[in-house]
Number of protein chains: 2
Amino acid sequence: MKTYGVSNVNVTGGYLFEKQELNRQTTMNAVYDFFSESGRIDAFKMDYKDGDEKQPHIFWDSDVAKWMEAAAYILEKRPDPELEAKVDAIVDCIEKGQAKDGYFNIFFTVVQPGDRFTDRDYHELYCAGHLMEAAVAYAEATGKTKFLDCMEKYADCIYRVFVEEKSAKFFTPGHEELELALARMYRYTGKRKYLDLSAHFINVRGTVEEKLKGPYNQSHVPVREQREAVGHAVRAVYLYTGMAALAKETGDEELLKACRILYEDMTTKKMYVTGGLGSTNIGEAFSIAYDLPNDRAYSETCAAIGMMLFSNAMLSIENRADYADSIERAIYNGVLSGLSYDGKRFFYENPLEISLTDRSVNTDTRYPAAQRPTHFGCSCCPPNMNRILASIGAYIYGLEEDALYVNQFIASELSDGNISCVMTTDYPRGNTISIKANGVNKIAIRIPGWAKSFTLNKTYVMESGYAIVENDGGSVTLTLDMTPEALYADCRVAKDVGKLCIRRGPIVYCAEGVDNEFELHSYSIPQNFSAEVIGDGQFGLPELSVVCERLLPYDGALYSAEPPKRVPATLRMIPYNSFANRGLTDMAVWIHASR
Amino acid sequence: MKTYGVSNVNVTGGYLFEKQELNRQTTMNAVYDFFSESGRIDAFKMDYKDGDEKQPHIFWDSDVAKWMEAAAYILEKRPDPELEAKVDAIVDCIEKGQAKDGYFNIFFTVVQPGDRFTDRDYHELYCAGHLMEAAVAYAEATGKTKFLDCMEKYADCIYRVFVEEKSAKFFTPGHEELELALARMYRYTGKRKYLDLSAHFINVRGTVEEKLKGPYNQSHVPVREQREAVGHAVRAVYLYTGMAALAKETGDEELLKACRILYEDMTTKKMYVTGGLGSTNIGEAFSIAYDLPNDRAYSETCAAIGMMLFSNAMLSIENRADYADSIERAIYNGVLSGLSYDGKRFFYENPLEISLTDRSVNTDTRYPAAQRPTHFGCSCCPPNMNRILASIGAYIYGLEEDALYVNQFIASELSDGNISCVMTTDYPRGNTISIKANGVNKIAIRIPGWAKSFTLNKTYVMESGYAIVENDGGSVTLTLDMTPEALYADCRVAKDVGKLCIRRGPIVYCAEGVDNEFELHSYSIPQNFSAEVIGDGQFGLPELSVVCERLLPYDGALYSAEPPKRVPATLRMIPYNSFANRGLTDMAVWIHASR
């Protein structure tokens with residue numbers, strides 16, 4: 001399907017709209033302020049001199065670019081002269097700081113001039129990619145092309161160096177991202193050269209000897225031969241997104257097949273129930289299949305965001321509702337957990353368990369953090385949060401022939417020439433979604449993979465996870481069974497054996513120590529538990545009071561031939577994405593299962 | 001009770017006798033050879049010069065002393081001119097190397113001369129303690145007193161420096177051990193001064209400001225005020241042993257009370273089911289109560305040995321069978337796990353779980369080792385294994401008034417003037433113990449705390465865990481129910497919730513990957529499981545084939561609302577102490593419990 005971007009869609013209300021507003025009003029400023037304080041904004045002035053205090057880091061361009069991209073999405077929906085002025089000021093710096101041949105990189109201009117394109121590991125092309133994404137978004141949003149012009153020149157420069165002259169000391173990006181950005185440049189400008197450059201990087205990857213050639217950055221074998229998601233998880237999903245974008249534009253079936261296999265590998269062997277990817281901090285990477293530790297999860301916020309990008313790219317190729325399921329799983333759980341409820345603090349890694357009494361986890365290693373800091377030295381996640389929240393509109397609708405696809409349930413309006421749609425819902429607080437579309441013959445509504453049952457007020461046929469109804473111009477109303485439900489993991493996931501987690505609709509729940517009197521590991525929940533749904537909760541989503549059991553401690557003994565006694569109990573649970581908002585406390589997604 | 005030492009007891013057969021023989025024939029040589037190669041033996045020649053290759057380390061004296069102590073126990077039972085010559089050669093060096101004022105320490109004589117008694121952290125008094133223990137044992141074994149004479153001089157020197165002159169730069173041992181050694185010196189020589197010196201160190205501990213004053217080495221508060229086992233686990237149990245020895249000799253009720261409370265704290269809150277102590281590698285220390293991780297267990301071999309020393313010291317004060325239970329638990333499980341089946345390799349830390357697919361445990365930290373190395377830089381555990389195995393006889397019998405106490409079930413002969421006893425048993429392979437004693441009116445036979453039932457061929461009364469029978473000169477035969485049984489942990493032990501372990505008599509079992517087709521975490525065992533006991537096994541003890549269930553993987557899904565299916569299965573289990581003898585493989589003591 002053709003997926004609609006931010007331009008065509010207004011998000012109008014509901015839970016994610018509130019998050020968008022929080023992002024616009026608070027998180028954007030929090031990130032900008034840290035970027036100012038840390039020197040990232042002023043670095044664009046290119047006046048750093050050896051010995052100055054704030055030496056630009058190799059990935060600073062990308063940090064700011066992601067924030068600029070987010071600003072673009074916001075400006076597209078609503079004038080904000082102050083925000084626009086901030087972006088324009090940076091764009092002016094970029095224009096001024098850009099080399100005559102089109103090259104633009106802060107670090108390699110002011111810190112290590114003369115070393116440009118010599119070190120694959122220095123995030124140079126990664127920064128280029130994020131700048132290009134931002135430039136396209138800014139042109140789309142404002143119609144102003146100065147930024148895009150600069151980035152076209154830079155893309156031309158890269159094309160010259162890597163394709164024509166072959167004068168760089170390496171061949172492909174050490175940290176992928178430029179591949180998907182170039183596809184985006186191509187789509188917006190129509191210039192085939194950018195797609196060719198993207199294809200060049202994708203096709204050369206893994207075929208040549210260069211620094212850091214290996215699974216860490218997915219260059220161990222040619223991309224079409226890759227069958228398992230390996231290495232740095234963010235790099236991986238960015239690469240896969242680029243591969244999918246290229247496959248869509250070129251119809252390259254072999255490349256698409258590799259994408260499908262990698263998607264399958266991630267979602268059936270290496271993904272947390274929260275949509276998190278990359279379970280180990282060693283290389284911020286995928287571990288082996290089924291190695292998904294909860295307490296020591298890495299599950300970087302950026303990787304869950306990357307999963308949304310990749311899934312949306314796949315969805316734009318083939319109408320499979322499970323891609324939209326993956327987007328939904330990530331945004332509501334492993335992405336939003338990266339942001340504090342006040343919008344000012346961030347998780348880089350997103351553990352699924354915090355046990356403050358487990359000293360083997362919490363004192364001898366730096367991770368996982370059990371509280372969100374305001375920023376990081378490597379601050380990739382916060383501006384990624386900015387742009388994903390600002391661009392939520394881009395995940396809702398798609399068009400294939402005469403059918404409008406509804407991929408996500410978010411109150412919104414779509415407008416595309418004579419095609420329009422209004423979706424009314426309080427999902428995922430509520431379970432009813434009303435859709436009224438014009439200009440299309442059919443409406444294809446995603447039935448979530450998690451939904452045990454649903455009702456539609458129209459006749460429908462199911463196709464690849466979508467309920468397809470003939471559009472008669474009236475409201476189509478979908479009601480989803482959102483009774484809280486137990487979810488189990490495959491028994492190869494060692495840490496989840498004997499446990500279950502609770503999901504209500506797309507929301508994965510967790511228990512926090514602060515809400516519960518006894519240690520979280522002493523509770524156990526039966527499969528057919530009953531739960532009271534409690535209001536809309538302090539975190540904008542229902543909380544749950546789960547009827548369960550609790551183990552009693554022995555009286556004096558440490559070990560006994562008698563199993564611990566069980567007594568009735570209730571366990572209060574909150575959405576996983578809202579954990580760690582009330583001080584340092586235990587947390588668990590996976591709770592022992594009663595049988 | 002008066003507990004009988006090695007002198008009065010011959011171990012004559014059975015499982016622990018075989019371990020003694022392995023120690024005598026193999027382990028003693030393996031340790032001596034490494035000590036030779038590493039320079040530890042030659043270091044006693046005191047001819048090290050700055051810049052020489054093998055610089056003596058601060059704890060080398062103690063390593064060798066423990067081996068010498070073991071040699072003494074062996075020589076006491078059986079002439080071995082070669083072994084005796086090795087010890088005598090070291091004793092000659094000690095005599096030659098000892099300073100005129102009695103001081104003896106290799107490091108502070110040849111590496112940092114002039115710095116004696118200046119640094120509490122340098123194991124100086126710890127080394128002294130082990131040398132004194134060895135000297136007493138050697139005098140007892142051989143009647144030769146040269147070594148003991150040297151150590152008496154050294155003890156006199158320490159008394160002078162720490163009690164009379166108060167000229168040292170610190171006040172109490174940084175690593176406890178001397179306290180218990182001095183009590184032993186007192187008992188053997190009858191010289192009150194040594195007990196006074198022990199009392200001095202124990203009484204001053206925690207009352208003065210000195211380097212490293214804190215919980216790490218149990219000097220945070222005066223010992224009589226200590227209520228929780230904290231800090232470095234080996235130091236702790238060595239201190240507690242010294243405290244108990246002092247309490248026994250002085251009748252100090254306050255000190256005894258502290259010992260009881262610390263014993264209780266360890267055994268009801270901080271002890272692995274294997275008798276291991278000290279669950280965290282951070283400081284090789286006790287963690288907080290109930291924090292007993294299996295995969296990241298530290299559980300140092302020396303700490304389990306120390307638990308035997310402390311429990312035996314407590315048993316010598318009060319006739320409580322549970323002290324003997326603790327000794328039995330440790331020796332058969334967390335101590336013997338420290339030695340490979342071939343007697344040549346050692347565990348320093350003793351994990352209760354190895355999961356090679358859990359990359360969060362096995363790749364980012366140095367511990368726990370999943371295979372036994374031949375030696376360590378800090379090689380305290382191997383010679384401790386030497387001496388504990390050589391001195392097993394010292395844990396079997398006790399005498400209180402007219403009653404002979406049988407604390408451990410080991411085929412053996414006791415001889416003490418007109419008192420004698422012969423114990424015949426193949427325990428813990430078999431479950432029958434026959435005891436025939438002369439010269440006592442009563443026989444008090446420990447009934448293990450784990451025994452659900454037992455039969456005795458005589459009438460008896462129970463007292464503090466002992467079955468007391470009138471001695472009629474005939475054989476007393478005890479038969480213990482050693483049906484394999486499930487054991488559960490208190491629910492505050494987070495990592496054991498929902499799991500059980502299997503014990504047959506005193507032997508804790510584990511499952512190893514090499515014996516079982518499927519991942520160990522996919523098996524679950526019901527409380528009333530049936531198990532086939534398989535022969536005497538490759539490790540000298542029965543193995544078990546446990547009838548249980550196994551989870552089936554999902555077909556393609558990672559998460560599902562349906563719990564994984566269960567199918568009947570059997571799990572092969574071996575004694576925990578024998579794990580890691582057949583290459584790198586998974587291991588688990590705690591297995592999921594079916595309900």
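My aim in this report is to walk through the structure given alongside it, one point at a time.

About the thresholds
Residues numbered from 1 in each chain as written. Chains lettered and ligands numbered in written order. Predicted model: local features only at pLDDT ≥ 70, side-chain atom pairs only at ≥ 80, totals over all residues. Heavy atoms only, no water. Salt bridge = Lys/Arg side-chain N within 4 Å of Asp/Glu carboxyl O. Helix = DSSP H or I, 4+ residues; strand = E, 2+ residues; numbered from the N terminus. Buried < 20%, exposed > 50% of the residue type's maximum accessible area, 1.4 Å probe, protein only. Pairing = 2+ DSSP bridges. Axes fitted to C-alpha atoms, helices over the stretch in contact; angles between N-to-C directions. Contact = heavy atoms within 4.5 Å. Least-squares fit on C-alpha atoms with pLDDT ≥ 70 in both. Lys, Arg positive; Asp, Glu negative; His and termini not counted. Buried area = accessible area lost by both parts, 1.4 Å probe. Polar contact = N/O pair within 3.5 Å; in protein donor to acceptor, adjacent residues only side chain to side chain.

Moving on: the pattern of salt bridges. Considering all chains together, one arrives at 82 salt bridges over all chains under this definition. Here Arg 572 of chain A ties to Glu 543 of chain A by a salt bridge, and the two come within 2.9 Å at their closest N and O atoms. Here Arg 572 of chain A, found in strand 21 (residues 566-575), pairs with Glu 543 of chain A, found in strand 19 (residues 543-551); they are 29 residues apart in sequence, far enough to count as distant. Between Glu 84 of chain B and Lys 144 of chain B there is a salt bridge; the shortest N-O distance is 2.6 Å. With Glu 84 of chain B in helix 3 (residues 81-97) and Lys 144 of chain B in the loop between helix 5 (124-142) and helix 6 (146-165), this pair connects stretches of sequence that are 60 residues apart. The class for Glu 84 of chain B is partly exposed, based on a relative accessible area of 23%. A residue is classified by how much of its surface remains accessible, and Lys 144 of chain B, at 29% relative accessible area, is partly exposed. When salt bridges with common partners are traced through the structure, they connect Glu 69, Glu 133, Arg 184 and Arg 387 of chain A into a single cluster.

Residue and element names in this part refer to chain A. Strand order across the open sheet formed by 6 strands is 2-6-7-8-13-10, with antiparallel pairing between neighbours. Two strands bound the open sheet, and with one partner strand each, they are strand 2 (9-11) and strand 10 (454-456). Put simply, the sheet's adjacent strands are angled 15° from each other on average, direction ignored. Pairing between strand 7 (residues 419-425) and strand 8 (residues 432-438): 6 bridges, direction antiparallel. Each residue of the ladder has a partner; that of Ser 420, found in strand 8, is Asn 438.

The next subject is the sheet that holds strand 11 (residues 461-463) of chain A. All names here are of chain A. Ordered in space as 1-4-5-9-12-11, the 6 strands form an open sheet in which the pairing is mixed. Each having just a single partner strand, strand 1 (2-3) and strand 11 make up the two edges of the open sheet. Both strand 4 (residues 397-400) and strand 5 (residues 403-406) contribute to a ladder of 4 bridges, which runs antiparallel. Opposite Tyr 397, over in strand 5, you have Val 406 as the bridge partner. Packed on one face of the sheet, helix 12 (residues 321-335) meets strand 9 (442-446) and strand 12 (466-470) and runs near 50° to strand 9.

Residue and element names in this part refer to chain B. Here strand 16 (residues 507-512) pairs with strand 21 (residues 566-575) via 3 bridges, running antiparallel. Among the inter-strand pairings, Cys 510 is bridged to a residue of strand 21, identified as Ile 574. The sheet contact formed by strand 19 (residues 543-551) and strand 21 spans 8 bridges and is antiparallel. Counterpart to Glu 549 in the pairing with strand 21 is Pro 568.

A few words on the relation of the copies chain B and chain A. If you rotate chain B by 180° and push it 0.0 Å along the axis, it lands on chain A with an RMSD of 0.0 Å. With respect to symmetry, the two chain copies, as superposed, fit the operation of a two-fold axis. It is Arg 595 of chain B whose C-alpha, among those of chain B, lies nearest the rotation axis, at 3.3 Å. A shared interface surface links the copies, since 100% of the contact residues of chain B are contact residues in chain A too.

Moving on, we get to unusual backbone geometry. The omega torsion across Tyr 427 of chain A and Pro 428 of chain A is 5°, close enough to zero to call that bond cis. The backbone of Met 46 of chain A shows a phi angle near 60°, a positive value even though the residue is not glycine. Within the chain, Glu 284 of chain B stands out as a residue other than glycine whose phi angle is a positive 45°. Tracing the backbone through its elements, the reader meets Glu 284 of chain B in the loop between helix 10 (253-269) and helix 11 (301-315).

Moving on to the side chain of Asp 61 of chain A. Residue and element names in this part refer to chain A. By the secondary structure assignment, Asp 61 is in helix 2 (residues 60-77). Despite its burial, Asp 61 pairs with no opposite charge; the closest candidate is Arg 40, at 8.9 Å N-O. What Asp 61 contacts, discounting residues up to four positions off in sequence, is Phe 44, Phe 104, Asn 105, Ile 106, Cys 127 and Leu 131.

A few words now on the interface of chain B and chain A. Listed per partner, the contact involves 59 residues of chain B and 59 residues of chain A. Here chain B meets chain A over a buried area of about 4,900 Å², counting both sides, of which 56% is carbon and sulfur. It is Leu 558, Tyr 559 and Arg 595 of chain B that lose the most area in chain B upon contact with chain A, and together they represent 17% of the buried surface on that side. Summed over the shared surface of chain B and chain A, the number is 4 salt bridges. For Lys 495 of chain A, the salt bridge is made with Asp 295 of chain B, and the minimal N-O distance between the two is 3.5 Å. The interface formed by chain B and chain A contains 18 residue pairs in polar contact (both at pLDDT 80 or more). Of all the secondary structure elements, the ones that give two or more residues to the side of chain B that touches chain A are helix 10, helix 13 (359-362), strand 14 (485-489), strand 19 and strand 20 (559-560) of chain B.

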